[in-house]
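Letter by letter, the chains look like this.
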There are 2 protein chains.
Amino acid sequence: MLSKKSKYALRALLALARRPSEGPVLISELAEQEGIPKKFLELILLELKNNGILQSKKGKGGGYFLGRKPDAISLGEVIRVLDGPLAPLPCVSQTAYHACEECGDEATCGIRAVMKDVRDATSTILDRESLADVLRRTERLQQEKKKVLVYAI
Amino acid sequence: MLSKKSKYALRALLALARRPSEGPVLISELAEQEGIPKKFLELILLELKNNGILQSKKGKGGGYFLGRKPDAISLGEVIRVLDGPLAPLPCVSQTAYHACEECGDEATCGIRAVMKDVRDATSTILDRESLADVLRRTERLQQEKKKVLVYAI
DNA sequence: CATTACTCTACTAATAGAATAGGGAATATA
DNA sequence: TATATTCCCTATTCTATTAGTAGAGTAATG
């Protein structure tokens, strides 16, 4: 399960991605807009900044802004920063590999083989989908919903 | 990440699946063979039994045995019993759905759409792969390893 | 009826998740 | 250069979950 940290991070990043380079945005503004505890969001944004996903500016007129374009920030990257590896087992993680204790032989472990498939499927999706993709999906879903409403009249 | 509970459960179940209907197997035997704390394994096997994956027999000559054939027990089912839903968000779980708090509109949530893809990909794999499949995979991997060794001579 | 072996509830320790608190450091601007 | 603004950083708290332990209870067998 995704932690609240990751969920909050994604919501905040999407909120930033939705504003076309309006300049730095205040933590408090994002927190209020997205209904996230301000101090908690502070930690999250800081961690995103320390990992190059966000940039910041201090003092008056300061705030946070995206470190890259929305189509160059993948959900996988964000989730890895806040929740750690996507893999269901450490022995199939590409970004944080370490051997399972007590695993007789990794090369012939059937569980590992299946979990590697799971990892690959997950990261294929999450590393492909960017903030921009998610925004596009949201728009498309909103338009579909509108259509359904029109038909319903 | 998979919990130790799930990992232990899978190992114990695979150990049972490897024995062709040898009759009930003692908890203590499984625990020793797989290097799992006995009392902890006790809880796990009990839970698997209460969910129809295992059956048991009490008293002398008793023990645990599979409730169904190894090809009718999927990894997904086992993991759901011990770790809960596979879905990364409750709002995309098929087996344990509940709405995310504070989610404005589920129907148009882009994050949800991506996470639904992740859930589908994960459960497609884990609900398809059975204990029997995992054993077959292990065998295949062992044979490949042998081949490599032969070539290396 | 005694032994074997699962059943069940309760308890504990350690870790991770979800915050909260508060001072410090940098920046803009008056 | 003083001051308000805003991010930066460390520490602490509270709660839930994970991992494991303990021990009495129940059912089956011989």
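1. Describing the overall build of chain A
Looking only at helices and strands, chain A has 6 helices and 2 strands in total. Along chain A, helices and strands appear, N-terminal first, in the series α-α-α-β-β-α-α-α. Whereas a compact globule of 153 residues would reach a radius of gyration of roughly 15 Å, chain A reaches 19 Å, over 25% beyond that. Oriented by its inertia axes, the alpha-carbon framework of chain A measures out at about 55 × 50 × 25 Å.

2. Some points on the protein's contact with DNA strand C
Looking at DNA strand C, there are 26 residues lining it, with K39 of chain A together with E42, K49, S56 and Y64 of chain B nearest. For DNA strand C, a base oxygen lies 3.2 Å from a polar atom in the side chain of E42 of chain B. Measuring from a phosphate oxygen of DNA strand C, one finds a side-chain N or O atom of S56 of chain B at 2.8 Å. Those elements that provide at least two residues to the surface near DNA strand C are helix 1 (4–18) and helix 3 (38–50) of chain A together with helix 3 (38–50), strand 1 (54–57) and strand 2 (63–66) of chain B.

3. Remarks on the layout of surface pockets
What the largest pocket holds in volume is close to 650 Å³. Considering the residues around the largest pocket, the lining is formed by 26 residues, among which M1 and L86 of chain A together with M1, L86 and P88 of chain B are closest to the centre. Put simply, the parts of the chain that give the lining of the largest pocket at least two residues each are helix 4 (75–83) and helix 5 (110–128) of chain A together with helix 4 (75–83) and helix 5 (110–128) of chain B.

4. Comments concerning the protein's contact with DNA strand D
In the vicinity of DNA strand D, 27 residues are found, and the nearest of them are E42, K49, S56 and Y64 of chain A together with K39 of chain B. Among the atoms of DNA strand D close to the protein, meaning within 4 Å, 67% are from sugar or phosphate groups. With respect to DNA strand D, the backbone of I27 of chain A contributes an N or O atom lying 3.2 Å from a phosphate oxygen. A distance of 3.5 Å separates a sugar or linking oxygen of DNA strand D from a polar atom in the backbone of G59 of chain A. Elements with a minimum of two residues in the surface near DNA strand D: helix 3, strand 1 (54–57) and strand 2 (63–66) of chain A together with helix 1 (4–18) and helix 3 of chain B. Grouping the constituent residues of the surface near DNA strand D by class yields 10 nonpolar, 5 polar and 12 charged.

The rules behind these values
- Residues numbered from 1 in each chain as written.
- Chains lettered and ligands numbered in written order.
- Predicted model: local features only at pLDDT ≥ 70, side-chain atom pairs only at ≥ 80, totals over all residues.
- Heavy atoms only, no water.
- Helix = DSSP H or I, 4+ residues; strand = E, 2+ residues; numbered from the N terminus.
- Rg over C-alpha atoms; globule rule 2.2 N^0.38 Å.
- Near = heavy atom within 4 Å.
- Polar contact = N/O pair within 3.5 Å; in protein donor to acceptor, adjacent residues only side chain to side chain.
- 1 Å grid on protein atoms, 1.4 Å probe; cavity = no way out; pocket = protein on both sides within 12 Å on 5 of 7 lines; lining within 4 Å.
- Points joined across faces, edges and corners; volume = space filled by probe spheres on them.
- Nonpolar A, V, L, I, M, F, W, Y, C, P; charged D, E, K, R; others polar.

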